[in-house]
Amino acid sequence: MAHRALGRCAMRSAFRCVRRARCCPDAPMLDSCEPSTSSSSRNLAWLQCAAVGKSSQSWRLTPGTTSAPKGYPSLDLKPPTQPLPDPEIMKHVEASLGQLDAKPLAPAPRPVVVVISGPSGVGKDAVLTRLKEQREDLYFVVTATSRPKRPGEVEGRDYFFVGRERFEQWIAEGMLLEHALVYGEYKGIPRQQVDAALAAGTDVVLRIDVQGAATVKRLIPDCVSIFVTADSEDVLVRRLVARKTEPLDKLLVRVTTARQENDHIPNFDYVVVNRDGELDDCVRQVSGIIEAEKARVSRRLQ
Ligand SMILES: Nc1ncnc2c1ncn2[C@@H]1O[C@H](COP(=O)(O)OP(=O)(O)OP(=O)(O)O)[C@@H](O)[C@H]1O
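Residues numbered from 1 in each chain as written. Predicted model: local features only at pLDDT ≥ 70, side-chain atom pairs only at ≥ 80, totals over all residues. Heavy atoms only, no water.

Let's shift gears to the site of the ligand. As a structural note, the neighbourhood of the ligand is formed by 19 residues, with Ser120, Lys124, Arg207, Arg243 and Asn274 the closest of them. Contact distances for the ligand include 2.8 Å between a nitrogen atom and a side-chain N or O atom of Asn274. Asp276 is positioned with one of its side-chain polar atoms (N or O) 3.4 Å from a nitrogen atom of the ligand. A total of 3 residues in the shell around the ligand trace back to one element, the largest contributor, which is helix α6 (residues 124-134). (Near = heavy atom within 4 Å. Polar contact = N/O pair within 3.5 Å; in protein donor to acceptor, adjacent residues only side chain to side chain. Helix = DSSP H or I, 4+ residues; strand = E, 2+ residues; numbered from the N terminus.)

The biggest cluster of nonpolar side chains holds 24 residues, and the ones touching the most others in it are Val114, Ile116, Leu131, Val205, Ile226, Val286 and Ile290. Secondary structure elements with two or more residues in this core: β1 (113-117), α6, β8 (224-229), α10 (233-243) and α12 (279-294). Sort the elements by how many residues they give to this core and α12 lands first, with 6 residues. Setting aside residues up to four positions removed in sequence, Ile226 forms contacts with Val114, Val115, Ile116, Ser117, Phe268, Tyr270, Val272, Val286 and Ile289. Listed in part, the 17 residues of the second largest apolar core include Leu177, Val194, Val216 and Cys223. (Core = buried A, V, L, I, M, F, W, Y, C linked by side-chain atoms within 4.5 Å. Buried < 20%, exposed > 50% of the residue type's maximum accessible area, 1.4 Å probe, protein only. Contact = heavy atoms within 4.5 Å.)

The backbone of Tyr183 sits at a positive phi, close to 50°, despite the residue not being glycine. With a relative accessible area of 25%, Tyr183 lands in the partly exposed category. In this structure, Lys244 takes a positive phi of about 55° despite not being glycine. Overall, Lys244 belongs to the exposed group, its relative accessible area being 73%.

Whenever strands of a sheet pair, they do so through backbone hydrogen bonds, lying parallel or antiparallel. What the 4 strands build is an open sheet, ordered β4-β3-β6-β5; its pairing is mixed. The strands lining the two open edges of the sheet, one partner per strand, are β4 (160-161) and β5 (176-182). By the bridge criterion, 6 bridges tie β5 to strand β6 (residues 185-190) in an arrangement that is antiparallel. From the neighbouring strand, Leu181 faces β6, where its bridge partner is Tyr186. The sheet contacts of helix α8 (residues 191-199) involve β4, β5 and β6, and relative to β6 the element is tilted by about 25°. (Pairing = 2+ DSSP bridges. Axes fitted to C-alpha atoms, helices over the stretch in contact; angles between N-to-C directions.)

Listed below in structure tokens is the structure:
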């Protein structure tokens with residue numbers, strides 16, 4: 001294990017390794033960092049400890065330490081600097097080619113609408129809460145619902161908890177991009193939030209149930225739909241039971257519906273498994289999908 005971890009880290013430059021503290025996922029190795037006989041592997045092993053800011057028993061590194069422990073070779077961890085262009089050559093180039101254009105070479109991407117969907121209890125809210133902490137560049141649409149607030153939920157942050165009557169009024173006034181009756185309660189996407197964010201050039205994230213996702217795909221064909229699922233039905237049900245938000249009869253309905261919803265995976269662009277205890281990994285994948293979609297050439301063409 002230690003050997004594999006060293007090999008993985010060796011592929012990265014020292015600078016990137018220290019800046020990206022999560023680049024050395026083989027954490028068990030870090031707990032058993034032993035001074036090695038070869039100086040290059042000692043270097044790398046120490047670098048791994050420094051990268052995650054973790055103290056090893058034998059070296060007593062404190063979090064954030066970047067200087068080598070006693071007896072270990074010191075490392076130059078400064079970021080590589082960009083060499084400055086020779087002004088004489090630059091002058092010559094501009095004299096020959098005219099003033100160089102500073103406008104971006106690639107057109108800016110059009111904002112993307114991301115749809116996060118999946119069965120009840122799979123962790124959509126948990127994923128979005130974590131994603132919000134990490135991606136301030138995204139606009140997370142606050143869904144409207146007729147269901148009552150659950151403990152810990154905040155009006156306007158988690159949902160707009162509008163009563164059934166007001167919800168039906170919003171439907172009548174065309175204020176919702178899409179809405180559905182899910183487990184006896186309305187849920188819908190306020191249209192104005194989506195329009196305003198897109199008009200400002202901001203990427204938008206929607207959290208929608210599986211039937212609603214199909215509606216949005218029809219309305220916004222170039223939206224990116226991500227189906228979040230769990231490791232297994234067993235894991236999904238355990239999560240729902242542990243959440244303690246539904247009585248048994250409603251729990252059974254959710255599990256039965258989840259079985260049918262899983263069959264809709266082929267209608268989505270991506271599927272991401274929110275593995276038990278691996279929420280961060282799921283969030284990383286969702287974030288990566290958004291980045292990849294923004295890099296699509298088709299999104300940069302007008
Ligand atoms: N990767 C994970 N590992 C373990 N528990 C998780 C994970 N992701 C979410 N959970 C837990 O599972 C439960 C269900 O998650 P959450 O409420 O986010 O699901 P949801 O898909 O939003 O459900 P619903 O559609 O019913 O609102 C929560 O108690 C949450 O803390």
